[in-house]
Amino acid sequence: MRRVIFLFLITLMTLSFTPTVFATISIETLTNQQSLDIAKEKSEVQQAINTLDPKTFIIDKKEELELNELDNINSSTELEYGEAYKVFIANKTVIQTLIDGKNLSKVLPNAPYHWEFPITVKESMKPIASFTVAFVDNKWQVAEIGGYLSPEQSVFSSKPNDLNLLFNNLPLDEANSYFHFRISSLHADFLYLEDADEEYFIPLIHSRDELYGLKNKTIYTRDEIVSALGPKIEENLNSSNPAPTGNPNIKKIKANYIFYAFSFIVIVFLGYKKLSKQSNI
């Protein structure tokens, strides 16, 4: 009887320690876990793209969009979609957790998210734009064309190999969790890694190379991020008209898809070009 109890206790102790032992996994595995291929909504996302083809839209409106890269391209078959990447949107809970100095890995899984796809020229692989498929009106649909990130950043975010090369230079090859999340009010995305309660942030800043002293594709600790962004985040939270901290205003593309999508994509591209020029001054 004592032997049975002893074996039971050993087994229980082994199981108790198992989560700790296997909690840290390779970053390559973590990034692959964010793949659309294993998402439950994969078929619905693909159906949304088939219904409203962003490649065709960009070709049809290339002159208005002033896309010189498409001067010699006249068919959507000459463009291709890159791999989808999952973007979590920092809502108020995420923002408050960040400035409180608490672990974001506990709240990011519950934040809203969408899927983003780069669009490139098939022959040259030159990035052109990106588009978003989001859960709107109780279904997955194309919700925005143009992208918050630059076309180059969007392609980079979609390639696990490029992400892994960046992470390997930390050096950090294992972690507990990985997320790509966006703080819309700060015009920045972040690649986030959590390892043994240590948090690391890599900014992908929209249309510029630096923001509040933070540089693109540079590793920062949570304290460094909060020190740089905390005052602005607090200002937004305390403002009577705060900047958005959840999903951006999504153009609902239905019967009036061409009108709304064209208006939005023009704003995105002209705004991106303006910011790019300002950052080069």
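Treat the numbers as computed from the prediction; the structure is a model and nothing was measured.

## Remarks on the nonpolar core
No. 1: Judged by nonpolar contacts, the single largest core of 26 residues is most densely connected at V45, I58, L70, W115, F117, F131 and V133.
No. 2: Elements that contribute at least two residues to this core include exactly α3 (42-51), α4 (54-60), β4 (113-121), β5 (127-136) and β6 (139-145).
No. 3: Not counting residues within four places of it along the chain, the set of residues in contact with F117 comprises L36, V45, I49, G82, A84, A129, S130, F131, V133 and S154.
No. 4: One finds L98, L108, F179 and I183 within the second-largest nonpolar core, a separate group that totals 25 residues.

## Considerations on the confidence of the model for the protein chain
No. 1: On average, residues of the protein chain score 79 in pLDDT, and 76% of them reach the 70 mark or higher.
No. 2: The least confident element of the protein chain, judged by mean pLDDT, is helix α1 (residues 2-22) at 42; the most confident is strand β3 (residues 85-89) at 97.
No. 3: Under a pLDDT of 50 for its full length, residues 4-22 has, in the predicted model, zero contacts with residues more than four places off or in other chains.
No. 4: Counting interchain partners and residues more than four positions distant, the pLDDT-below-50 stretch residues 242-281 has 77 contacts.

## What about the environment of I145?
No. 1: Among the structural elements, I145 can be located in strand β6.
No. 2: C-alpha separation for the pair I145 and F131, spaced 14 residues apart in sequence, amounts to 4.3 Å.

## Points about the packing of helix α7 (residues 151-158) against helix α8 (residues 160-168)
No. 1: The geometry of α7 relative to α8 is characterised by a closest axis approach of 5 Å and an angle of 85° between their N-to-C directions. Accordingly, the angle class assigned to the pair α7 and α8 is roughly perpendicular. Across the interface between the two elements, F156, S157 and S158 from α7 touch P160, D162, L163 and L166 from α8.
No. 2: Of the residues contributing to the contact of α7 with α8, the split by class is four nonpolar, two polar and one charged.

## Some words on the pairing of β5
Successive side chains on a regular strand alternate, one facing one side of the sheet and the next facing the other.
No. 1: With nine of 10 residues buried, β5 lies mostly within the body of the structure.
No. 2: Sheet topology places β4 next to β5; six bridges connect them, and they run antiparallel. Of the residues in β5, the one forming a bridge with F117 is F131.
No. 3: Between β4 and β5, which pair antiparallel and follow one another directly, the connecting turn spans five residues, one of which, M125, has a positive phi of 65°.
No. 4: Judged from the six bridges that link them, β5 and β6 form a sheet pairing that is antiparallel. Paired with F131 across the strands is I145, a residue of β6.
No. 5: Where β5 folds back onto β6 in an antiparallel hairpin, the turn is made up of two residues, including D137, whose phi is positive at roughly 55°.

## Describing the environment of M125
No. 1: Looking at the element boundaries, M125 is found in the loop between β4 and β5.
No. 2: Judged by its relative accessible area of 42%, M125 is partly exposed.
No. 3: The spacing of M125 and G82 is 43 residues in sequence and 9.7 Å in space, taken between C-alpha atoms.
No. 4: In contact with M125, other than residues within four places in its own chain, are E80 and T120.

## Some thoughts on the side chain of N216
No. 1: Inspection of the secondary structure puts N216 in the loop between β12 (214-215) and β13 (220-221).
No. 2: Within the structure, N216 has its side chain in polar contact with the backbone nitrogen of I205 (distance 2.6 Å).
No. 3: Look past the residues within four positions of N216 in its chain and what remains in contact with it is Q153, P203, L204, I205, R208 and D209.

## A closer look at α3
No. 1: Those residues of α3 lying buried are V45, A48 and I49. Buried residues along α3 cover an arc of 95° about the axis, so they all sit on one side. Away from its buried face by more than 90 degrees, α3 exposes S43, N50 and T51.
No. 2: Check the buried side of α3 and you find it contacts α4, β2 (79-81), β4, β5 and β6.

## As for the pattern of salt bridges
No. 1: All told, the structure shown has six salt bridges when counted by the stated rule.
No. 2: Of the charged contacts, one joins K40 and E41 as a salt bridge, the two residues approaching to 3.8 Å between their closest N and O atoms.
No. 3: K40 sits in the exposed class, given a relative accessible area of 75%.
No. 4: Here D189 and R182 are joined by a salt bridge, their closest N and O atoms 2.6 Å apart. In this pair, the class of D189 matches that of R182, namely buried.
No. 5: Connected through shared salt-bridge partners, E116, R182 and D189 make up one network.

## Some details on helix α6 (residues 92-99)
No. 1: Within α6, burial applies to V94, I95, T97, L98 and I99.
No. 2: Residues of α6 that are buried in the fold lie against β8 (177-183), β10 (198-205) and α9 (222-238).
No. 3: Where α6 ends, the next residue or the one after it, G101, has phi of about 75°, a positive value.

How each quantity is defined
Residues numbered from 1 in each chain as written. Predicted model: local features only at pLDDT ≥ 70, side-chain atom pairs only at ≥ 80, totals over all residues. Heavy atoms only, no water. Core = buried A, V, L, I, M, F, W, Y, C linked by side-chain atoms within 4.5 Å. Buried < 20%, exposed > 50% of the residue type's maximum accessible area, 1.4 Å probe, protein only. Helix = DSSP H or I, 4+ residues; strand = E, 2+ residues; numbered from the N terminus. Contact = heavy atoms within 4.5 Å. pLDDT = per-residue confidence, 0-100. Axes fitted to C-alpha atoms, helices over the stretch in contact; angles between N-to-C directions. Parallel < 35°, antiparallel > 145°, perpendicular 65-115°, else oblique. Nonpolar A, V, L, I, M, F, W, Y, C, P; charged D, E, K, R; others polar. Pairing = 2+ DSSP bridges. Polar contact = N/O pair within 3.5 Å; in protein donor to acceptor, adjacent residues only side chain to side chain. Arc of directions from axis to C-beta. Salt bridge = Lys/Arg side-chain N within 4 Å of Asp/Glu carboxyl O.

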